[in-house]
Structures are given as structure tokens and as C-alpha cells.
Amino acid sequence: MRAWIGMMALVCAFSVQAAPKVAVADLAYQERVEQYVHTVSAQSNHSQSYYGASGSSSYEEYEATSSYIEQGELRKFTGDIKGEILRTGMFQLVQGTPYTASSKGDVYDVIKRIKAGSFKGADYVLFGTVSDIDFTRDMNELANTDSYSAVLGLTLVADFSLINTRTFEITSAFTAMGEGQDTKLVNGRDIKISLNRPRVVRDVSKALGEDVAAQLSQQLGGGGYEQPGQPPLRNNLPRDTAPVILH
């Protein structure tokens with residue numbers, strides 16, 4: 001009995017170890033930042049002597065606009081991605097080293113980051129880049145009433161690649177999207193409209209995680225994953241019947 005229990009424990013341990021390890025990088029982004037500089041310098045020098053008074057003054061004005069590219073990572077949207085990947089049972093998760101303002105190099109150069117040990121212990125890195133993020137706020141009038149619907153919405157689209165840390169091969173690639181919104185009914189007497197931004201961000205994060213896990217399962221053959229709230233896929237074709245010989 002003990003031998004059987006030990007064997008089962010060994011099998012279970014091997015099964016856990018057999019699952020490849022993946023590090024989920026925070027979503028990389030870059031944006032153009034513009035700066036406006038306007039400086040004014042004025043100086044006046046006056047002196048008095050036996051021969052009379054003398055003086056001088058100067059005035060300088062400088063105005064310029066400069067721009068630069070800022071890179072970084074969004075840390076709000078990967079928690080649900082990790083959670084949904086764990087639900088698939090396809091991977092173990094390991095923690096990578098986040099990119100910070102003091103980090104050297106390009107946030108998009110994931111190969112260089114892998115070689116530098118930012119994802120130590122991972123067999124794969126799931127690397128995502130933000131392709132579009134859009135907050136919207138609308139007020140829509142309701143016909144024949146003095147009421148309005150206030151809507152706060154957020155859409156996030158990101159491109160993902162699953163990269164082998166040994167061969168740098170891209171094993172899976174896809175685009176995923178998360179959407180969320182908060183709607184409130186208000187009227188002209190309402191002075192302040194408070195829409196729930198944290199809830200919108202949470203819903204977007206959850207939807208993005210589900211989309212990422214579903215597409216990974218489809219591309220890598222892990223068909224056991226079902227998105228929450230979605231009915232399982234069923235074959236609706238009628239059952240085969242035994243052949244009938246017509247006379």
C-alpha cells in the first residue's frame with residue numbers, strides 16, 4: 001500500500017513538473033511625450049560715478065517645443081491573464097523581472113531581456129504589447145424624458161507572442177481584446193456624475209485574460225479550457241444510424 005502511494009505521489013510530481021513554465025510580461029507600451037519650454041531672462045545694470053550715470057539692460061526670451069518617446073509597462077492588466085492561464089492547466093507560472101524607468105535597453109527587445117535573465121526559470125515568455133487603448137465618456141439623451149445615460153467605457157487591444165526562451169521561436173501569436181463599461185441613468189437635477197472607473201478597469205482586465213487564455217488553448221491544442229459564462233462547445237449533428245438496405 002505504501003509503495004503504491006509513493007508511486008502515485010511520484011507520478012503526480014512528474015505531471016506537475018512536465019508542465020512548461022511561462023513568465024507573463026507586463027504589457028509593453030510606448031507613447032510620444034511633448035514638452036513646451038518658455039523662458040524669459042531680463043537683466044539691468046546701473047552705476048553712478050563722478051563723471052555721471054551709466055547703465056545697460058538685456059532681455060532674452062526662449063521658446064521651443066520638444067518631444068521624446070517614453071517606454072514602459074502597464075501593470076494593471078496581467079493579473080487576470082495569469083489567472084486564466086492557470087485555469088487552462090497548460091502551464092506553470094514563474095515571475096519575471098519587470099521593466100522599470102532605470103532599466104537599460106528597449107522594452108520591446110524581449111530577446112535581449114531573455115538573454116539578460118529577466119525571465120529566469122521560464123521555458124516560455126508571453127510578451128504582450130499595447131496596440132490601442134481608449135477611454136470614452138458619453139452622455140446620451142433618452143427620448144421624451146429629461147434623463148440621460150452617462151457611459152464610461154474602456155477598450156484595450158494588445159498583440160501577444162509566446163516565445164521559447166531557448167530557441168527564441170514564436171510558438172503562438174494572436175491579438176486579444178478586453179472591453180468594459182459603466183452606465184448610470186442621470187437627469188438634469190444631478191450635479192455630480194460619479195462613474196466607476198475601477199470597475200471598468202477590472203472588467204477589461206477580466207475580459208482580456210479570458211481572451212488570451214482561450215486563444216492560447218486554441219492554438220496550442222489545449223481544448224479543455226472554456227471561457228466563464230460561455231456554454232461548452234457541442235456537436236449538434238445527429239447521431240449516426242445503422243445502414244438500411246432498401247429492397
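Thresholds, definitions, all that
- Counting of residues starts from 1 at the beginning of each chain's written sequence and follows it residue by residue.
- Where local features are concerned, this predicted model is filtered to residues with pLDDT of at least 70; where side-chain atom pairs are given and counted, the filter is 80 or more; whole-chain, interface and lining totals use all residues.
- With hydrogens and water set aside, each side-chain value is computed from the structure's full complement of heavy atoms.
- In this text, helices come from DSSP runs of H or I with a minimum length of four residues, and strands from runs of E with a minimum of two, each type numbered from the N-terminal end.
- Note: two strands are recorded as paired if DSSP finds a minimum of 2 bridges between them.
- A helix is expected to reach a length of 1.5 Å times the quantity of its residues less one.
- For this document, the term salt bridge refers to a Lys or Arg side-chain nitrogen within 4 Å of an Asp or Glu carboxyl oxygen.
- With a 1.4 Å probe rolled over the protein chains alone, any residue whose accessible area is under 20% of its type maximum counts as buried; one over 50% counts as exposed, and the rest are partly exposed.

**Regarding unusual backbone geometry**
- Despite not being glycine, F168 has its phi angle at roughly 65 degrees, a positive value.
- Note that F168 resides in the loop between β6 (147-164) and β7 (170-187).

**Side note on the pairing of strand β5 (residues 124-141)**
- Sheet topology places strand β1 (residues 21-24) next to β5; three bridges connect them, and they run parallel. Following the sheet pairing, V22 is matched in β5 by Y124.
- As paired strands, β5 and β6 are joined by 17 bridges and run antiparallel to one another. Looking at the pairing, D132 lines up with V157 of β6.
- Counting the residues that bridge the hairpin from β5 to β6 gives five residues, and of these N144 lies at a positive phi of roughly 65 degrees.

**Points about helix α4 (residues 197-220)**
- Between its first and last C-alpha, α4 extends 35 Å over 24 residues, near the 34 Å set by a 1.5 Å rise per residue.
- One or two steps after α4, the chain reaches G221, where phi turns positive at roughly 85 degrees.

**Some points on the environment of D146**
- Secondary-structure assignment places D146 in the loop between β5 and β6.
- The spacing of D146 and N187 is 41 residues in sequence and 5.8 Å in space, taken between C-alpha atoms.

**A few points about the pattern of salt bridges**
- If you walk through the whole model with that rule in mind, you get six salt bridges.
- For D182, the salt bridge goes to K184, with nearest N and O atoms at 3.1 Å.
- Since its relative accessible area comes to 6%, D182 is described here as buried.
- For K184, a relative accessible area of 32% puts it in the partly exposed group.
- The closest approach of N and O atoms between D203 and R202, which form a salt bridge, is 3.2 Å.
- The partly exposed category is assigned to D203, whose relative accessible area is 25%.
- Connected through shared salt-bridge partners, E84, R87 and K206 make up one network.

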